[in-house]
Amino acid sequence: MRYAAVTGWGKCLPPAVLTNADLATLLPTDDEWIVSRTGIRERRISHVRLEELAYVAASRALAAAGLQPLDIDLIVFGTCSFDDQVPNQASGLQLRLGAMRAAAMDVNTACTSFLYALSTATAMIRSGVVQRALVVGGEVISPLMDWTNRNVAILFGDGCAAVVLEASDVEQGVLAEKLGCDAAARGTLVIQGMGSRYADCQRRLGVTDWVFEGQEIFKRAVLGMSEASAAVLAAQGVSAAELDLVVPHQANLRIIEAVAKRVGLAAERVFTNVHRYGNMSAGTVPVALVEALEEGRVPAHGLLLLPAFGAGLTWCAHLLRWGARVTPLGVSDVQLPPCTQTALQLVQSLAARRAAAVASPV
Ligand code: UT7
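The structure displayed is predicted, hence computed values, not measured ones.

Visitor: When you look at the environment of Val 274 in this model, what are you seeing that I'm missing?
Guide: Inspection of the secondary structure puts Val 274 in helix α9 (residues 274-277). Sequence separation between Val 274 and Leu 253 is 21 residues; the distance between their C-alpha atoms is 6.8 Å. Apart from residues no more than four positions distant in its own chain, Val 274 is found in contact with Thr 38, Gly 39, Ile 40, Glu 42, Gln 250, Ala 251, Asn 252 and Leu 253.

Written as structure tokens, this is what we have:
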């Protein structure tokens, strides 16, 4: 039997921190409301494009695996905030890395994109099509945000992380997964202004309006993540008590707590970093996984559960067996270019650009 072991991991968070207090200077909101309803205290705003974040995260993941870019056969990039729709995000990363032997594809299932990408790459390794894959999850969502809408502007942030998968005969990597989509509710989260249907309208592409039914998404997210988690545990005959760590999608602390209660997960076994980064969509689960490793929360041979949901409404859960090594083999010296602006300055200029575009439609 072939498995797809996780042998490398790396993250890249842009340095500019946008606090709840910063947001309160832009929108009618306050720290107390945001923290009590979501658990979020701050998030990152990127001064560079997604390709740059991914290049740093992927370089770190390759170094952690002790591999070179030419060792990689496949790049699967999970995102919904591509720098360009054509050509795809994965090909830009391939070129940047010099991973010229790799096939390169994107996966877009919104916040679950990293985990759907993990399933895709795992299946291609297990079927023998490729030996080594780089799986990336990341977003630069801040340029696509409606900075006048407090319902959504407080929730999201930018960030990226990557893992390396390698074929193995040892039982590890993804052991079971359950993927699904509650498409009847796909209208609960729509970013208007991002697709070809808007290209012939009197509006600028990229100037977005968010349709967002927070409470409906909340309820369906808890249901989808809980049911997917129960399904993968049952498929492997594993009880919640046998899990070493749960690394859930981090959209809202209350969603994570509700899922933990329904699935019977002990709070101390559930990793959270939503207070630091908010919801980074496809970047959330891989960044949390990397930080769990950095904080020594993943034991050798540990059993992990990764539940998530996203627009669509897609949902999933993955049961993952970690390998023997929980420390990186090497470290990359690749860094982001320096950021000369504060997060608030970056957001102010994005908001001003949006306001000017709205005031003068094409
Ligand atoms: O990956 C998919 C991403 N989607 C999600 O993660 C969404 C999941 N949903 C949620 O996380 C929650 O539903 C929210 C955090 C979005 C909202 O929390 P809530 O407890 O459902 O609040 P609510 O929508 O019921 O709003 C309560 C009140 C409203 O005022 P009234 O009508 O009671 O007077 C809102 O207008 O809070 C108001 N409100 C705010 N107040 C201050 C809404 N947003 C804000 C805000 N600051 N940012």
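Visitor: Hey, could you run me through helix α10 (residues 284-294) in this one?
Guide: Since the α-helix advances by 3.6 residues per turn, residues separated by three or four positions end up pointing in the same direction. Burial of α10 is extensive: 10 of the 11 residues sit out of reach of the surface. Positive backbone phi, approximately 70 degrees, marks Gly 296, located one or two places after α10.

Visitor: Got a minute to help me understand the nonpolar core in this structure?
Guide: Across soluble globular proteins, nonpolar side chains show a tendency to be buried alongside one another. By size, the foremost hydrophobic cluster in this structure holds 55 residues, and its most contacted members are Trp 147, Leu 265 and Leu 319. Element by element, the count of residues in this core is highest for helix α7 (residues 214-236), at seven residues. Beyond its immediate sequence surroundings of up to four residues, Leu 319 is in contact with Gly 173, Val 174, Leu 175, Ala 176, Val 232, Leu 233, Gln 236, Val 238, Leu 243, Leu 303, Leu 304 and Leu 305. Grouped together as the second largest cluster of nonpolar side chains are 40 residues, Tyr 116, Ile 125, Leu 289 and Cys 316 included.

Visitor: How should the packing of aromatic side chains be read in this particular structure?
Guide: How two aromatic rings sit relative to each other is set out by the distance from centre to centre and by the angle between their planes. Counted under the stated rule, the structure contains two aromatic pairs. Between Phe 156 and Trp 210, the aromatic rings sit 5.2 Å apart at their centres with planes inclined by 45 degrees, giving tilted as the arrangement. Of this pair, Phe 156 sits in the loop between α6 (150-153) and β7 (159-168) while Trp 210 sits in strand β10 (residues 209-212), placing them 54 residues apart in sequence. As far as the burial class goes, Phe 156 and Trp 210 line up, both buried.

Visitor: Mind showing me how you'd approach the pairing of strand β9 (residues 189-192) here?
Guide: Successive side chains on a regular strand alternate, one facing one side of the sheet and the next facing the other. Side chains of β9 alternate between two faces, with Leu 189 and Ile 191 buried and Val 190 and Gln 192 left unburied. Bridge count between β9 and β10: four bridges; the pairing is antiparallel. Looking across to β10, one finds that Leu 189 is bridged to Phe 212.

Visitor: What am I meant to see in the site of the ligand here?
Guide: By nearness alone, 23 residues border the ligand, and Thr 29, Arg 37, Cys 111, Gln 215 and Asn 252 come closest of all. For the ligand, an oxygen atom lies 2.9 Å from a polar atom in the side chain of Arg 254. Residue Asn 279 places a side-chain N or O atom 3.3 Å away from an oxygen atom belonging to the ligand. Protein coverage of the free-state accessible area of the ligand, which is 950 Å², stands at 74%. Those elements giving two or more residues to the shell around the ligand turn out to be α2 (31-38), α6, α7 and α8 (253-263).

Visitor: Whenever I open this one, the side chain of Thr 122 confuses me. Can you help?
Guide: Among the secondary structure elements, Thr 122 is positioned in helix α5 (residues 113-126). Residue classification places Thr 122 among the buried residues on the basis of a relative accessible area of 3%. When residues no more than four places from it in sequence are discounted, the contact partners of Thr 122 are Ala 4, Leu 165 and Val 174.

Visitor: Help me understand the side chain of Thr 208 in this model?
Guide: Inspection of the secondary structure assignment puts Thr 208 in the loop between β9 and β10. Among the polar contacts made by the side chain of Thr 208, one reaches the side chain of Trp 210 at a distance of 3.3 Å. With residues near it in sequence (within four places) discarded, Thr 208 still touches Leu 144, Met 145, Asp 146, Ile 191, Gln 192, Met 194, Arg 203 and Arg 354.

Visitor: Teacher, can you tell me more about the environment of Ala 103 here?
Guide: Note on placement: Ala 103 falls in strand β5 (residues 103-107). What makes Ala 103 partly exposed here is its relative accessible area of 39%. With 29 residues separating them along the chain, Ala 103 and Leu 74 place their C-alpha atoms 4.6 Å apart.

Visitor: I keep staring at the pattern of salt bridges and nothing clicks. Help me out?
Guide: One side chain can pair with another of opposite charge once the charged atoms of both are near each other. Overall, the coordinates contain 13 salt bridges when judged by the stated rule. The salt bridge involving Glu 291 is made with Lys 11; its shortest N-O contact spans 2.8 Å. Of this pair, Glu 291 sits in helix α10 while Lys 11 sits in strand β1 (residues 3-12), and the two are 280 residues apart along the sequence. Considered together, Glu 291 and Lys 11 belong to a single accessibility category, that of buried residues. Note that Arg 220 is salt-bridged to Asp 182, the shortest N-O span being 2.9 Å. Taken together, the residues span a long stretch of sequence, with Arg 220 in helix α7 and Asp 182 in the loop between β8 (173-181) and β9 at a distance of 38 residues. On the accessibility criterion, Asp 182 (21% relative accessible area) is partly exposed. Each of the salt bridges in this network shares a partner with another, and the network as a whole consists of Lys 11, Arg 276, Glu 291, Glu 294 and Glu 295.

Definitions and limits used
Residues numbered from 1 in each chain as written. Predicted model: local features only at pLDDT ≥ 70, side-chain atom pairs only at ≥ 80, totals over all residues. Heavy atoms only, no water. Helix = DSSP H or I, 4+ residues; strand = E, 2+ residues; numbered from the N terminus. Contact = heavy atoms within 4.5 Å. Buried < 20%, exposed > 50% of the residue type's maximum accessible area, 1.4 Å probe, protein only. Core = buried A, V, L, I, M, F, W, Y, C linked by side-chain atoms within 4.5 Å. Phe/Tyr/Trp six-rings, centres within 6.5 Å; stacked < 30°, edge-to-face > 60°. Pairing = 2+ DSSP bridges. Near = heavy atom within 4 Å. Polar contact = N/O pair within 3.5 Å; in protein donor to acceptor, adjacent residues only side chain to side chain. Areas by Shrake-Rupley, 256 points an atom, 1.4 Å probe, with all protein chains shown as cover. Salt bridge = Lys/Arg side-chain N within 4 Å of Asp/Glu carboxyl O.

Coordinates in, geometry out; function isn't part of it.
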